[in-house]
Structures are given as C-alpha cells and as structure tokens.
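# Tertiary structure, described
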Amino acid sequence: MSAARAAWLRAGALCLLVVALDQAAKGAIEAHLVAGEHVHVLGPLDLTLAHNEGVAFGLAGGAGVALVALTLVALGFVGLLFARDPLRPWMWVAVGLLAGGALGNLIDRVRAGAVTDFVDLLSWPPFNLADVAITLGVLVLALTYIEAGGPTER
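Residues numbered from 1 in each chain as written. Predicted model: local features only at pLDDT ≥ 70, side-chain atom pairs only at ≥ 80, totals over all residues. Heavy atoms only, no water.

## Looking at the side chain of T144
Tracing the backbone shows T144 in helix α4 (residues 129-148). Classification of T144 by relative accessible area gives buried; the value is 4%. (Helix = DSSP H or I, 4+ residues; strand = E, 2+ residues; numbered from the N terminus. Buried < 20%, exposed > 50% of the residue type's maximum accessible area, 1.4 Å probe, protein only.)

## Examining the environment of I107
With respect to the element layout, I107 can be found in helix α3 (residues 91-112). Residue class for I107 comes out partly exposed when judged on its relative accessible area of 36%. Spatially, the C-alpha atom of I107 lies 9.6 Å from that of V68, the residues being 39 residues apart in sequence. If we ignore the near neighbours within four places in the chain, the residues touching I107 are V19 and Q23. (Contact = heavy atoms within 4.5 Å.)

## Overview of the confidence of the model for the chain
Mean pLDDT over the chain stands at 88; residues scoring 70 or higher make up 88%. By mean pLDDT, the top-scoring element of the chain is helix α1 (residues 3-32) (96), and the lowest-scoring one is helix α2 (residues 64-84) (82). (pLDDT = per-residue confidence, 0-100.)

## Let's talk about the packing of aromatic side chains
Ring pairs (aromatic) are described by centroid distance and by the angle formed between their planes. One pass over the full model with this rule turns up one aromatic pair. An angle of 55° between the planes, with centres 4.5 Å apart, marks the rings of W8 and F82 as tilted. Within this pair, whereas W8 is found in helix α1, its partner F82 is found in helix α2, the two being separated by 74 residues in sequence. Across the ring face of Y145, the terminal group of R88 is positioned such that the distance to the ring centre comes to 4.0 Å. (Phe/Tyr/Trp six-rings, centres within 6.5 Å; stacked < 30°, edge-to-face > 60°. Lys NZ or Arg CZ within 6 Å of the ring centre and 35° of its normal.)

## Examining the sheet that holds strand β2 (residues 45-52)
Backbone hydrogen bonds hold the strands of a sheet together, and the pairing may be parallel or antiparallel. With respect to topology, three strands assemble into an open sheet ordered β1-β2-β3, the strand pairing being antiparallel. Of all the strands in the sheet, just β1 (38-42) and β3 (115-121) have a single pairing partner and so form its edges. When the angles between neighbouring strand axes are averaged without regard to direction, this sheet yields 35°. Here β2 runs beside β3; their pairing, made up of six bridges, is antiparallel. (Pairing = 2+ DSSP bridges. Axes fitted to C-alpha atoms, helices over the stretch in contact; angles between N-to-C directions.)

## Side note on the pairing of β2
One ladder, built from four bridges, connects β1 with β2; its direction is antiparallel. When the sheet's bridge partners are listed, V39 is paired in β2 with L47.

## As for the nonpolar core
In globular proteins that are soluble, nonpolar side chains generally tend to be buried together. One finds A7, A11, V78, L81, F82, M91, A94, V95, L98 and L141 forming the largest nonpolar core, which totals 10 residues. When contributions to this core are tallied by element, the ones reaching two or more residues are α1, α2 and α3. Examining the composition of this core, we find that four residues originate from one element, α3, more than from any other. Filtering out sequence-adjacent residues up to four positions away, L81 remains in contact with M91, L141 and Y145. Formed by seven residues, the second largest nonpolar core is a distinct cluster that contains I29, L49, F118 and F127. (Core = buried A, V, L, I, M, F, W, Y, C linked by side-chain atoms within 4.5 Å.)

Right, dumping it as structure tokens:
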C-alpha cells in the first residue's frame, strides 16, 4: 500500500471515530437532559443541552441551507489540501479531525435543523465534541504548515 493511501485511510478512520464519538455523546445527552438543564460534572465543567441553529456560538442563526452549503465547501477545501499533500507530517490527523467534526455537526443540522451542544465550560457558550475536533484540527493544520514549510517531497 502506498504511503498516500495509508494516510487517506488513517484520516478516514479518525474521521469516522470522531463522528461516532460525537453522535454517541449527543445521543446520550439528548436522552438524559432536557433543554437548558445543567448538570455539574467537575470544577468549571457542566453539561447542558442546547440547540444551536447558527454557526459557532449561535452566530448567523437561521441560515440552515447556507450553513450546510458552507460546511460542504469547507470539507471540499480540506479534502483538496489533503489531496495536494497527503504525506505532510500530521496532515492526516488535521484532516481526520476537521472532517469528523464538520460531519458530526452536519449530521445534526440535516437531521434536526440545529447542532446539539452540551459542554458548558465557565462563561463560554456551550459546545460539543465535534467543535473540539474542529478546533484541534485547525491547530494541527496550522502547526503542520508552520513546522514543515513547503510541500513534502514525493
């Protein structure tokens, strides 16, 4: 198997893992909490059930079709970056996290018209595991380009 194919398989497996964990966590929260209910977990961490019709932190609420389209464009862009340079160190991690997070939230948006958020941390707006994956994916992507510089050798 080529190194590029192996990188695609690793990214796909990570993507599927993120989607599965995200959807399982959201399902458990939906089954056990009612909207607005807060459950203290530890220190500054609470769980709460919230539905976000907008983008991050509720911005641009009600733009459902546009947000689905924007998600698909972002997924295409991430796929294009990966296709151009799949051997860049840690790129598969960035792509797996970004795609998994985007797909996790896209599933919610298509299924229910809103994203299920449940992690309530201090005064930060509620978020979910898909949001965490997207944030980590952006950080890993930025670091791969900062650390490695130009395209990898093939």
